[in-house]
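# Overview (structure and organization)
Read off the chains here:
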Amino acid sequence: MSLAPGEKKFLHALKGGLQKVPPIWLMRQAGRYLPEYREVRATTEGFLDLCFTPEKACEVTLQPIRRYGFDAAILFSDILVIPWALGQGLRFVEGEGPKLDALADEKALAALADPTKAGEALAPIGETVAKLSASLPRETALIGFAGAPWTVATYMIEGGSSRDFTATKRWAHMAPEAFGKLIDMIVEATVSYLSVQIEAGAEAIQLFDSWAGALDAASFTRWVTEPNRAVVDRIKARHPDIPIIGFPRAAGMNLYGYVEAAGVDAVSLDQMMPLDLIRHTVQPNIPVQGNLDPVLLLTGGTALDSAVDAILENLSAGPFVFNLGHGIMKETPPEHVTRLVERIRAR
C-alpha cells in the first residue's frame with residue numbers, strides 16, 4: 001500500500017502503510033524543554049489555565065511543529081482533565097506534580113459529576129482542537145488523546161502519582177464491583193471527551209495507560225485491556241474511521257493479549273521492549289510506534305545516533321511511527337531533537 005497523493009504520512013502508517021522514511025512525532029514534544037513554551041507558560045496563572053485557554057494551548061501545540069516539522073501534532077492538555085470534569089478537586093503543585101482530592105471509597109463516587117457531560121465541561125479543549133485543525137500545515141496530522149481508565153483511576157484514588165498504587169489495587173481486589181463502577185464512569189467520560197476532540201478535528205487518538213505495568217496478568221486483562229476495548233468500541237461506533245493508538249506502558253508479556261483484544265489500530269511501545277521481539281512478534285500483527293529511550297535523547301551524540309539507527313534498521317520494514325518510549329525529559333537540549341529528526345530523515 002503506497003502513500004496516496006495528499007495523504008498524511010502519519011495516518012498512512014496507522015493504516016499499515018510502509019514508508020522508507022517513517023513519520024515521526026514525540027510524546028511531550030510541546031513542553032518545558034522548549035524556551036518558547038516556557039515563555040508562554042510564564043504568562044499563565046497555572047498549568048490548568050494553560051490547558052483551558054485555547055489560544056495558548058494551541059500556540060504551545062504548534063511550537064514544536066514550527067521548530068522541527070514533525071509529521072503529527074498532539075493536542076496540548078493533560079490526562080487529568082477527566083477527573084476535573086467529573087468534579088474531583090485537582091491542582092498542580094510546582095515541583096511536585098498533580099494533587100487530587102483522593103477518593104476514599106464507593107460513597108465518594110456519588111459526589112462525582114455526570115460522566116456523560118464530560119465533553120461539555122471540557123469544551124475549551126474542543127476549541128483548542130478546532131484552532132489547531134485550522135492552523136496546522138496541510139501535511140501534519142492532529143492527534144487527540146486521553147488517559148486510559150486504569151491510569152486515570154489510579155490518580156483519582158491515590159490523590160496523585162504513586163510508586164506502588166497500593167490504595168488503588170486494594171480497592172480493585174477488595175471491592176471489584178465498586179471499582180468497576182469508577183472504571184465505567186471514566187470510560188463514559190472518556191468517550192464523551194474524545195468525541196468532542198474528534199468532532200473538532202482530531203484525526204487520530206492515543207490512549208495513554210501510563211501505569212499499566214503495575215498490574216498482574218489477570219488484573220491487567222480486567223482493568224487495562226477490557227476498559228481500553230470499551231473506549232475503542234464506543235468511539236468506533238461513533239467515528240469508525242478514526243485510528244486509535246494504545247499505549248499500555250511497561251506491559252511486558254501482557255502486551256500480546258492487549259494487542260489481540262483491545263481493538264486498537266496501532267500500539268505504542270516503551271523502551272523496555274526489545275526490538276527483535278517487536279519486529280518478529282508485534283509488528284506483523286499491528287502498526288507499531290516507539291520506542292527510543294528518552295534518556296538517550298537527553299544524552300545526544302553518538303549514543304543517540306546508534307540507538308536511532310538500531311530502531312530504524314529493525315522496524316522500518318514494517319508499518320512504523322518513530323517516537324519515544326515515554327515523554328521528552330524537560331532537561332533535553334532542543335538541538336538533540338533537531339539531530340534526531342535530521343538523522344531519521346536522512347535515510
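Computed from a prediction, not measured in an experiment: that's the story for all the values here.

All right, on to the packing of helix α4 (residues 54-68) against helix α7 (residues 123-135) then. Where α4 contacts α7, the axes come no closer than 9 Å and their chain directions differ by 45°. One element, α4, and the other, α7, form an angle in the oblique class. In the packing of α4 onto α7, the handedness of the crossing is right-handed. The residues of α7 that touch α4, namely those facing Pro-54, Glu-55, Ala-57, Cys-58, Thr-61 and Leu-62, are Pro-124, Glu-127, Thr-128, Lys-131, Leu-132 and Ser-135. Here the contact of α4 with α7 is built from residues that sort into six nonpolar, three polar and three charged.

This part covers helix α16 (residues 334-345). With 12 residues, α16 extends 17 Å from end C-alpha to end C-alpha; this agrees with the ideal 16 Å at 1.5 Å per step. Within α16, the full set of buried residues consists of Pro-334, His-336, Val-337, Leu-340, Val-341 and Ile-344. All buried residues of α16 project into a common sector of 160° when viewed along the axis, lining one side. Exposed side chains of α16 directed beyond 90 degrees from the buried face belong to Glu-335 and Glu-342. Its buried side turned inward, α16 meets α2 (35-41), α4, β8 (288-292), α14 (294-299), α15 (301-315) and β9 (320-324).

As a further point, take the UniProt feature "binding site: substrate" (unreviewed entry) in the protein chain. Here, UniProt's "binding site: substrate" (unreviewed entry) annotation points to Arg-28, Gln-29, Ala-30, Gly-31, Arg-32, Asp-78, Tyr-155, Ser-210 and His-326. Spanning 299 residues, the annotated positions stay apart in the fold, the maximum distance between their C-alpha atoms being 23.0 Å. The residue Arg-32 is located in the loop between α1 (9-14) and α2 in this model. Residues within four places of Arg-32 in sequence aside, it is in contact with Tyr-37, Arg-38 and Lys-330. By secondary structure assignment, the location of Tyr-155 is in helix α8 (residues 149-158). In contact with Tyr-155, not counting residues within four places along its chain, are Ile-79, Leu-80, Pro-98, Leu-100, Gly-160, Ser-161 and Trp-211.

Attention now moves to the environment of Pro-287. One can find Pro-287 in the loop between α13 (275-282) and β8. Note on Pro-287: relative accessible area 10%, which makes it buried. Spatially, the C-alpha atom of Pro-287 lies 4.8 Å from that of Pro-319, the residues being 32 residues apart in sequence. Residues in contact with Pro-287, not counting those within four places in the same chain, are Ala-13, Leu-14, Gly-16, Asp-265, Ala-266, Val-267 and Pro-319.

When the charged atoms of two side chains lie near each other, side chains of opposite charge can form a pair. Scanning the entire structure with this criterion turns up 17 salt bridges. In this structure, the salt-bridge partner of Arg-222 is Glu-226, at a minimum N-O distance of 3.7 Å. Of the two residues, Arg-222 and Glu-226 both sit in helix α11 (residues 217-238), four residues apart, roughly one turn of that helix. Accessibility expressed as a relative area gives 35% for Arg-222, which makes it partly exposed. Salt-bridge contacts for Arg-343 lead to Asp-309; the nearest nitrogen and oxygen are separated by 2.8 Å.

Conventions used here
Residues numbered from 1 in each chain as written. Predicted model: local features only at pLDDT ≥ 70, side-chain atom pairs only at ≥ 80, totals over all residues. Heavy atoms only, no water. Axes fitted to C-alpha atoms, helices over the stretch in contact; angles between N-to-C directions. Helix = DSSP H or I, 4+ residues; strand = E, 2+ residues; numbered from the N terminus. Parallel < 35°, antiparallel > 145°, perpendicular 65-115°, else oblique. Left-handed = near helix turned anticlockwise from the far one by under 90°. Contact = heavy atoms within 4.5 Å. Nonpolar A, V, L, I, M, F, W, Y, C, P; charged D, E, K, R; others polar. Expected span 1.5 Å × (residues − 1). Buried < 20%, exposed > 50% of the residue type's maximum accessible area, 1.4 Å probe, protein only. Arc of directions from axis to C-beta. UniProt positions renumbered as here; feature names shortened; annotations may be inferred. Salt bridge = Lys/Arg side-chain N within 4 Å of Asp/Glu carboxyl O.

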